[in-house]
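# Understanding the architecture of this molecule
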Amino acid sequence: MKKELYFGIAIMAMILIGVAIAMPAPSEMTNGHLGLLMLSLVVVAIMLGFPTAFTLMGMGVIFTYFAYDGNIQHTLDLMVQSTYKVMTNDVLISVPLFVFMGYLVERANLIEKLFKSLHLAMARLPGALGVATLVTCAIFATATGIVGAVVTLMGLLAMPSMLKAGYDTKMAAGAITAGGCLGILIPPSVLLIVYGATAGVSVVQLYAGAFFPGLMLAGMYIAYIMIRAKINPKCAPPLSEEDRKVPLSPVLDSLKRTYGSSRAVSALVNGLKGRREGNLTGGQVANQLFVAMLPAIFAAFVLGLVYSSLTAPKEAAFDTSSLVSFGSGYDSGTSSSYSFDLAEPEIEGSTGLAEPAGAETAETAAAPALEEPATAEAAVEEESRSAPLNFWISLLVVAAVLVYYYFRLSFERLEVFKMLLTSFFPLAILILAVLGSIVFGFATPSEAAAVGAFGGLLLAAGYRQLSFPVLRESAFLTSKTTAMVCWLFVGSSIFSAAFALLGGQELVENWVLSLGLTPIEFLLLSQVIIFLLGWPLEWTEIIVIFMPIFIPLLPYFDVDPLFFGLLVALNLQTAFLSPPVAMAAFYLKGVSPPGVTLNQIFLGMIPFMFIQIFAMFVLYVFPQIGMWLPGVLYR
């Protein structure tokens, strides 16, 4: 602990020395310099342990007082207006709902079932336990968004299992901490909500943009574990036969003994219409057969929906060639011949009443209108369409996959599928329902968060974990987290207003623009600064303090705030993995076995931190990884 303390003191000393060198003499100091002094004092105060929100508010109010030359009324007005602006931000409504969903899902006790089913399903992969740990962390972190809860629970659950299986301590620690941090990137993420509210970027577009980068980062983690386990099996040994053994349910065990077949579907069909052992009923066998056929039923349902949408009758277009626009029978060329004389004009060769001129034209113009009903009848006729060739190719591919799946489906694999059905699929459905309703525009983030919170209630009730103490504790923790976020926003708003009022923002902009940076150099500089800030600060402090400084600079370098937010979200993964304030390491250390040291955890996180940097490089080189989905859906 002394090393971390000395490291923190050294950073604070460097900040203070740098400020002392950069600042001019007090007689030459301008308001802009006061703004930079306020910024540095805020960072030092936070590192000393003062509460972030109240530090921001206090510094903002004090320096605003100096900016207004001691006018208390103006200072209080700015404070009230900044607070009211935060209170009227509709985006923040989704924060307590997503947090409440996370706490309810956490208390549904799904993580143990999820980890067990995934590590059995991936038993034959290199580094199976590490891969299962990462996938479990990614799914659970996405559903909850609470890094501390995921790292703590997986430290209790996966760390002993991985160490018992002979895994290297550093690899096990790195997999748990890196996987637990994915929840702040993969939507629904509170970080993206906070960034969107701070930068004025659509949270919906941020969710759509962060989806593929999050999956890419998780895939890189998994690839690293598998490649390293393949190269050096000692650091991630394969599972033993005993660990791969899947205990069968009584129904499947009875059928396996009766028919001795390794193919589950044929044994289930024979058991349904043939002999059965003991008290096994036809209803029990039919129930197992229905579960086994669920993938085929789901595939048929989805393909049926696609086919019906592709072959839906299309109404024939109206033929408008014979329609005449209103007033087309009027000849503008005769308008000048109209007389305003009240005398009745004489009509040559007329012996009586005559139709006015132009009547014949009107009748002629009206003639096509008689054909309109026939045209309308033709429009009702529907055109039948056939499915395109791509659909039939996809159908054949799906059918081939299903045939192979059922050919390989043994009783053990069916048992693993049943375990996934009660652990993985409920969470997946909840996540997809929330994300799908947001991304496809069916609901706003706040409405989708309400659906997610209700889904969390259903999950907790479905697993018989919903009780008044659980509900009370979840509501209390949600209120605590929401209050922290809202106070951070209030403090950030006051601080940003004071910083702009003092001219600090203008001073920073002029300095950056005077450097003559290219967009690539600006992005590199900003991301390096955010990466370094992740050492002493947490992501919330980085977002609310420094994003209001970076965002106004983006138009000068033609950088999309959405793309910048995706880079920042990837970069801020390092805030949980970089010492000395790597909170994920401290979460894991608190629940690790006695032999695991903090230095081992730090060393295990470093490779994953380099993977994050590589992922940022890939996202910059191929920005469509993050920008394609928002572009397709919303632009």
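As shown above, the structure is provided for reference.
Residues numbered from 1 in each chain as written. Predicted model: local features only at pLDDT ≥ 70, side-chain atom pairs only at ≥ 80, totals over all residues. Heavy atoms only, no water.

Further remarks concern the overall build of the protein chain. Secondary structure summary: the protein chain contains 30 helices and two strands in total. Here the protein chain, with 635 residues, has 46% of them falling under the buried criterion. Restricting the contact set of the protein chain to residue pairs at least 6 apart, pairs at least 24 apart contribute 78%. Accessible surface, the protein chain as shown: approximately 32500 Å² in total, 66% of it carbon and sulfur. (Helix = DSSP H or I, 4+ residues; strand = E, 2+ residues; numbered from the N terminus. Buried < 20%, exposed > 50% of the residue type's maximum accessible area, 1.4 Å probe, protein only. Contact = heavy atoms within 4.5 Å. Areas by Shrake-Rupley, 256 points an atom, 1.4 Å probe, with all protein chains shown as cover.)

Looking now at the environment of Leu 619. Along the chain, the position of Leu 619 falls in helix α29 (residues 598-621). Accessibility expressed as a relative area gives 0% for Leu 619, which makes it buried. As a C-alpha pair, Leu 619 and Pro 213 span 406 residues in sequence and 7.4 Å in three-dimensional space. When near neighbours in sequence (up to four residues on either side) are disregarded, Leu 619 contacts Pro 213, Phe 563, Leu 566, Leu 567, Leu 570, Ile 625 and Gly 626.

In this section: the nonpolar core. Across soluble globular proteins, you tend to see nonpolar side chains buried next to one another. Ranked by size, the top nonpolar core spans 161 residues in total, and within it Tyr 195, Leu 427, Trp 539, Ile 545, Phe 546, Met 547 and Phe 564 carry the most contacts. The residues touching Leu 427, leaving out its near neighbours within four places in the chain, are Val 105, Leu 110, Leu 114, Ile 139, Phe 140, Ala 143 and Leu 459. (Core = buried A, V, L, I, M, F, W, Y, C linked by side-chain atoms within 4.5 Å.)

At 3.6 residues per turn, the α-helix brings residues three or four places apart onto the same side. Taking 1.5 Å per residue as the helical rise, helix α2 (residues 31-47) with its 17 residues ought to reach 24 Å, and the 25 Å between its terminal C-alpha atoms agrees with that figure. Burial runs high along α2: 13 of the 17 residues are buried. At the C-terminal side of α2, Gly 49 shows a positive phi close to 110 degrees. (Expected span 1.5 Å × (residues − 1).)

Before going further, it helps to examine the state of the cysteines. Per the counting criterion, the structure on display carries zero disulfides. Cysteine Cys 181 remains unbridged, with the sulfur of Cys 137 as its closest cysteine sulfur at 9.2 Å. (Disulfide = S-S within 2.5 Å.)

What follows deals with a nonpolar patch on the surface. Side chains of Ile 62, Tyr 65, Phe 66, Ile 72, Leu 76 and Met 79 sit close together on the surface and give an oily, nonpolar patch of about 540 Å² of accessible area. Mapped onto the nonpolar patch, the elements with two or more residues apiece are α3 (52-67) and α4 (72-87). Position of Met 79 among the secondary structure elements: in helix α4. (Patch = residues over 30% accessible without salt bridge, like charges linked within 9 Å, V, L, I, M, F, W, Y side chains within 5 Å. Salt bridge = Lys/Arg side-chain N within 4 Å of Asp/Glu carboxyl O.)

On inspection of all chains with the given rule, the structure shows four salt bridges. Taking the shortest distance from any N to any O, the salt bridge between Glu 415 and Lys 418 comes out at 3.7 Å. Taken together, the residues span about one helical turn, with Glu 415 and Lys 418 both in helix α20 (residues 411-439) at a distance of three residues. Its relative accessible area of 17% is what places Lys 418 among the buried residues.

Attention now goes to the packing of helix α26 (residues 561-571) against α29. At a minimum axis separation of 9 Å, α26 and α29 run at an interaxial angle of 165 degrees. Comparing their axes, α29 and α26 come out roughly antiparallel. In this structure, the crossing between α26 and α29 has a hand that is right-handed. Side by side, α26 and α29 meet where Phe 563, Leu 566, Leu 567, Leu 570 and Asn 571 of the first sit next to Ala 615, Met 616, Leu 619 and Tyr 620 of the second. Taken together, the residues of the contact of α26 with α29 break down into eight nonpolar, one polar and no charged. (Axes fitted to C-alpha atoms, helices over the stretch in contact; angles between N-to-C directions. Parallel < 35°, antiparallel > 145°, perpendicular 65-115°, else oblique. Left-handed = near helix turned anticlockwise from the far one by under 90°. Nonpolar A, V, L, I, M, F, W, Y, C, P; charged D, E, K, R; others polar.)

Angle between the axes and distance between the axes are the two parameters that describe a pair of packed helices. Packing of helix α24 (residues 519-533) against α26 leaves a shortest axis separation of 10 Å and a crossing angle of 35 degrees. Here the hand of the crossing between α24 and α26 comes out right-handed. When α24 is examined against α26, the residues Leu 523, Ser 526, Gln 527, Ile 530 and Phe 531 are found in contact with a partner set consisting of Phe 563, Phe 564, Leu 567, Val 568 and Asn 571.

Turning to unusual backbone geometry, a few remarks are in order. Cis geometry is found at the peptide bond from Pro 187 to Pro 188, where omega equals 0 degrees. Turning to its location among the elements, Pro 188 is positioned in the loop between α9 (169-180) and α10 (190-199). Of note, Asp 69 is a non-glycine position whose phi angle comes to about 55 degrees, a positive value. Mapped onto the elements of the fold, Asp 69 is located in the loop between α3 and α4. Judged by relative accessible area, which is 73%, Asp 69 ranks as exposed. With a phi close to 55 degrees, Asp 558 is a non-glycine residue in the positive phi region. Topologically, Asp 558 is positioned in the loop between α25 (539-550) and α26. Exposure remark for Asp 558: the relative accessible area of 73% places this residue in the exposed category.

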